[in-house]
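Topology and contacts: notes
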Amino acid sequence: MAPRRPAELYRAPFPLYTVRLHPRRPLAITAGGGGAAKTGIRNGVHFLQLEQIGGQLSASLLHSHDTETRATMTMALAGDIIAAGQDASCHILRFSLQAPEAPSGSAGRNGSGEKGPRKRRGPSPAGQSDTQRQTSEVTVESLHSVRTDFSPDALQKAVRFNADGSLLVTGGADGFLRLWEFPSMKKTLEFKAHDGEIEDIALGPDNKVVTAGRDFQCCVWQQDQLVTGLRWNENLPGIPDKAYRYQACRFGAVEDNAGALRLYTVQVPHKRERRPPPCYLTKWDGKSFLPLLTRPCGTEVISCLSISDSGTFLGLGTVTGSVAIHIAFSLQRLYYVKEAHGIVVTDVAFVPESQRGRELLAGNEAALLSVAVDSRCKLHLLPSRRSLPVWLLLLLCAGLIVATILLLQLAFPGFL
């Protein structure tokens, strides 16, 4: 059965380019804008509170942070710190959430100056719950702004924090990889990683950096030393080297193997054809960087990639607005909605698998948020897959063996 059309979680007053979810709070942060053009379309970062209302996940706007003439195209999140790629620069923002103040004149345990049991509230206005009216307040502080790209058409295209938030890595249209100490934002390293734009960055173990470029290369770096160049098609001799380029790269955890990592990459056709060839997903060993599995993932060109916290699922968005979820182990597609958005999907992100995230999932196995240039943020739910426990499977197998032996004994007396 095909999945239901995804719910529209939020609609912004400007095109959306990126979305991130806070790992410990029910908070989604999405951003975009119309850029410097005087079209009347604003630029901003929106903070959305996520909550379950009536058994459905909903989002309400907590705060809108104006970014003046700069549209946020890329974003990385480390705790309460945002690294936002805006034009040729990376802007470092710090946000904080404060509980709403008690109503004036209220005091004591029940908000009325009296001790004793809390009084019941009256019915909420239609469409508005108590939790919606008592939302936290968000304050945003600008900490740093550094230039991260120096090409003629300067644009920061990728930004990532390392695991402990002590290092920030940026890449852009000039092909240079730049490493910054955090929080000082002192540049520690800068080198030419690709002949052309850097499409994506992934940070792995021992601060190894993987970069995907438009020059058909995907490289693993240790500082500024090339560790290896990836060759996804080395076991597929029918695919020429220049037929595909790398679009995205991400590290993901490995289920039931603490500390282990897998690298996932997306390869898209370099040229558009009347009969479009398939895009490909490749899974790599996170230490040796040898390809483990490659599978086609449809003919729609992939625009973005995300991986769930546990490394179980991959989320994909396409330039035609479709959204898919694949199983990371086998790379098989589990969920697909054609043209969930009316235009290119710019970013996807899974709801975190923390305790707060599990509360938001409400029994679903995974939830993916997608944003697009159509200004919409949509919710894709993956219901829990029904599976039999191992003990029951063993019992069924034993029963099947016994039944087979009895049937053979009836059909062939003296068989045993």
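Residues numbered from 1 in each chain as written. Predicted model: local features only at pLDDT ≥ 70, side-chain atom pairs only at ≥ 80, totals over all residues. Heavy atoms only, no water.

Observations concerning the overall build of the chain
Worth spelling out the cut-off: Runs of E in the DSSP output that reach at least two residues are strands. Runs of H or I that reach at least four are helices, and both are numbered from the N terminus. Each residue is assigned to one of three classes by its accessible area relative to the maximum for its type, calculated with a 1.4 Å probe on protein chains only: buried under 20%, partly exposed between the two thresholds, exposed over 50%. For the area figures, the Shrake-Rupley method with a 1.4 Å probe applies, and any residue is considered shielded solely by the protein chains shown.
Of the regular secondary structure elements, the chain holds three helices and 28 strands. Residues counted as buried form 46% of the 416 residues belonging to the chain. On the chain, roughly 21600 Å² of surface is accessible, and the fraction owed to carbon and sulfur atoms is 53%.

Quick word on the environment of Tyr-264
Structurally, Tyr-264 can be placed in strand β19 (residues 261–269). Distance from Tyr-264 to Arg-250, taken between C-alpha atoms, is 5.3 Å for residues 14 residues apart in sequence.

A closer look at the nonpolar core
For soluble globular proteins, nonpolar side chains are generally found buried alongside one another. The condition that has to hold: Here, the term nonpolar core denotes a set of buried Ala, Val, Leu, Ile, Met, Phe, Trp, Tyr and Cys residues that are joined through side-chain atoms within 4.5 Å. When checking whether two residues touch, look at their non-hydrogen atoms; a contact exists if any pair is within 4.5 Å.
Residues Leu-9, Leu-21, Leu-50, Val-351, Leu-369 and Cys-377 are the most contacted members of the largest nonpolar core, which totals 21 residues. Residue assignment for this core shows that the elements contributing at least two residues are β1 (7–11), β2 (16–21), β4 (43–53), β5 (56–66), α2 (355–361), β27 (366–372) and β28 (376–382). If we ignore the near neighbours within four places in the chain, the residues touching Leu-9 are Leu-50, Leu-57, Ser-58, Ala-59, Leu-369, Cys-377, Lys-378 and Leu-379. Within the second largest apolar cluster, 16 residues are counted, among which are Trp-232, Phe-251, Leu-263 and Phe-289.

Examining the sheet that holds β1
This is how it is decided: By the convention used here, strands pair only if DSSP detects at least 2 bridges between them. Working convention: axes come from line fits to C-alpha atoms, limited for helices to the stretch in contact. Angles between N-to-C directions cover 0 to 180 degrees.
Read across the sheet, four strands follow the order β1-β28-β27-β26 without closing on themselves; strand pairing throughout is antiparallel. Of all strands in the sheet, those bounded by a partner on one side alone are β1 and β26 (345–350). The average undirected angle you get between the axes of adjacent strands in this sheet is 25°. Of the pairings in the sheet, the one linking β1 to β28 comprises four bridges and is antiparallel in character. Counted as the bridge partner of Arg-11 is Arg-376 from β28.

Section: the side chain of Asp-347
The test is simple: In protein, a polar contact means a hydrogen-donor-capable atom and an acceptor-capable atom, both N or O and within 3.5 Å, with residues adjacent in sequence counting only if both atoms are side-chain atoms; elsewhere, any N or O pair within 3.5 Å suffices.
Of note, Asp-347 is situated in strand β26. Here the side chain of Asp-347 touches Thr-18 through a polar contact of 3.1 Å, side chain to side chain. For Asp-347, the side chain forms a polar contact with the side chain of Arg-20, separated by 2.7 Å. Ignoring anything within four residues of it in the chain, the contact list for Asp-347 reads Tyr-17, Thr-18, Val-19, Arg-20, Cys-304, Leu-369, Ser-370 and Val-371.

Section: the sheet that holds strand β23 (residues 313–318)
Sheet architecture is open: four strands sit in the order β22-β23-β24-β25, paired in antiparallel fashion. The sheet is open, and its two borders are formed by β22 (302–307) and β25 (333–337), each paired with just one other strand. On average, adjacent strands in this sheet sit at an angle of 15° to one another, irrespective of strand direction.

Let's talk about the pattern of salt bridges
Rules: Put simply, a salt bridge is a Lys or Arg side-chain nitrogen that is within 4 Å of an Asp or Glu carboxyl oxygen.
According to the stated counting rule, one finds 20 salt bridges in the structure shown. With a closest N to O distance of 2.7 Å, Asp-347 and Arg-20 form a salt bridge. Residue Asp-347 is located in strand β26, and its partner Arg-20 is located in strand β2; the two are separated by 327 residues in the primary sequence. Classification of Asp-347 as buried rests on a relative accessible area of 5%.

Observations regarding the environment of Arg-231
Relative to the elements of secondary structure, Arg-231 occurs in the loop between β17 (225–229) and β18 (244–253). Sequence spacing of Arg-231 and Phe-216 is 15 residues, and the spatial spacing of their C-alpha atoms is 9.8 Å. Setting aside chain neighbours within four positions, we find Arg-231 in contact with Asp-241, Tyr-246, Trp-284 and Pro-291.

Notes on the pairing of strand β7 (residues 81–86)
In terms of residue burial, β7 counts as a mostly covered element, since six of its six residues are buried. Here β7 shows a buried face lined by Ile-81, Ala-83 and Gly-85 and a second buried face lined by Ile-82, Ala-84 and Gln-86. The pairing of strand β6 (residues 72–78) with β7 spans six bridges and is antiparallel. Considered in β7, the bridge of Thr-72 is made with Gln-86. Bridge count for β7 against strand β8 (residues 89–98) is six bridges, and the pairing is antiparallel. Bridging from a neighbouring strand, Gly-85 pairs with Cys-90 of β8. Once β7 ends, the chain turns through two residues before running back antiparallel as β8, passing Asp-87 with a positive phi of about 60°.

Some points on unusual backbone geometry
Along the chain, Phe-182 connects to Pro-183 via a cis peptide bond; the corresponding omega equals 15°. Along the chain, the position of Pro-183 falls in the loop between β12 (176–181) and β13 (187–192). Notably, Glu-68 is not glycine yet its phi reads approximately 60°, a positive angle. With respect to the element layout, Glu-68 can be found in the loop between β5 and β6. Located in the positive-phi region is Leu-331, a residue other than glycine, with phi close to 65°. Along the polypeptide, Leu-331 turns up in the loop between β24 (323–327) and β25.

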